[in-house]
Amino acid sequence: MESIARWWDGVELWVTGLPFVPQSVVVLLVIVPAAFLLARVFDRVLAVVLHLLGRDARAARDAELTGGATTTTKDGQ
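Here the structure is a predicted model, which is why all the values come from computation and not from measurement.

## Overview of the overall build of the protein
Counting its regular elements, the protein contains three helices and zero strands. Each helix and strand of the protein, ordered N terminal to C terminal, gives the series α-α-α. Accessible surface, the protein as shown: approximately 7,100 Å² in total, 68% of it carbon and sulfur.

## Quick notes on the packing of aromatic side chains
Scanning the model with the defined rule gives one aromatic pair in all. When the centroid spacing of 6.0 Å and the interplanar angle of 50° are considered together, the rings of Trp-7 and Trp-8 count as tilted. With a relative accessible area of 46%, Trp-8 lands in the partly exposed category.

## Digging into the layout of surface pockets
Considered as a void within the structure, the largest pocket measures approximately 190 Å³ in volume. Lining of the largest pocket is provided by Trp-8, Val-11, Glu-12, Val-15, Val-26, Val-27, Val-30 and Ile-31. Elements with a contribution of two residues or more to the lining of the largest pocket: helix H1 (2-17) and helix H2 (20-53).

## Remarks on H1
If you check H1, its first and last C-alpha atoms are 22 Å apart, about what 16 residues at 1.5 Å a residue would give, namely 22 Å. Where burial is concerned, little of H1 is hidden: one out of the 16 residues are buried.

## Looking at the confidence of the model for the protein
Counting all residues, the mean pLDDT for the protein is 85, and 86% of those residues have values of 70 or more. Taken element by element, the predicted model of the protein shows its lowest mean pLDDT in helix H3 (residues 57-66) (74) and its highest in H2 (93).

## Concerning the pattern of salt bridges
Within the structure shown, the criterion is met by one salt bridge. Residue Arg-6 pairs with Glu-2 through a salt bridge whose shortest N-O separation is 3.8 Å. Remark: Glu-2 and Arg-6 occur in helix H1; sequence separation between them is four residues, near one turn of the helix. Among the residues examined, Glu-2 registers a relative accessible area of 58% and is labelled exposed.

## Topic: the side chain of Asp-56
In this fold, Asp-56 is placed in the loop between H2 and H3. Within the structure, Asp-56 has its side chain in polar contact with the side chain of His-51 (distance 3.1 Å). In this view, Asp-56 contacts Leu-50 and His-51; residues no more than four positions away in its chain are not counted.

Parameters and conventions
- Residues numbered from 1 in each chain as written.
- Predicted model: local features only at pLDDT ≥ 70, side-chain atom pairs only at ≥ 80, totals over all residues.
- Heavy atoms only, no water.
- Helix = DSSP H or I, 4+ residues; strand = E, 2+ residues; numbered from the N terminus.
- Areas by Shrake-Rupley, 256 points an atom, 1.4 Å probe, with all protein chains shown as cover.
- Phe/Tyr/Trp six-rings, centres within 6.5 Å; stacked < 30°, edge-to-face > 60°.
- Buried < 20%, exposed > 50% of the residue type's maximum accessible area, 1.4 Å probe, protein only.
- 1 Å grid on protein atoms, 1.4 Å probe; cavity = no way out; pocket = protein on both sides within 12 Å on 5 of 7 lines; lining within 4 Å.
- Points joined across faces, edges and corners; volume = space filled by probe spheres on them.
- Expected span 1.5 Å × (residues − 1).
- pLDDT = per-residue confidence, 0-100.
- Salt bridge = Lys/Arg side-chain N within 4 Å of Asp/Glu carboxyl O.
- Polar contact = N/O pair within 3.5 Å; in protein donor to acceptor, adjacent residues only side chain to side chain.
- Contact = heavy atoms within 4.5 Å.

Next comes the structure, spelled out in structure tokens:
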């Protein structure tokens, strides 16, 4: 664990030692893909959880197709 901490400290020192523009480029090259990947993972996990709970659009559409969900109007029809 100590070797990982030392490596991370070295990376932090290297990034903070860069001038502003290269530092921004390095951070964006790491943060943007990481944020995109994290958002995709959250999206997939949430889609699975909502599907299991029957609270997603696909479950509602499936219920309508199978007749599981019926809607009535004010007239009772």
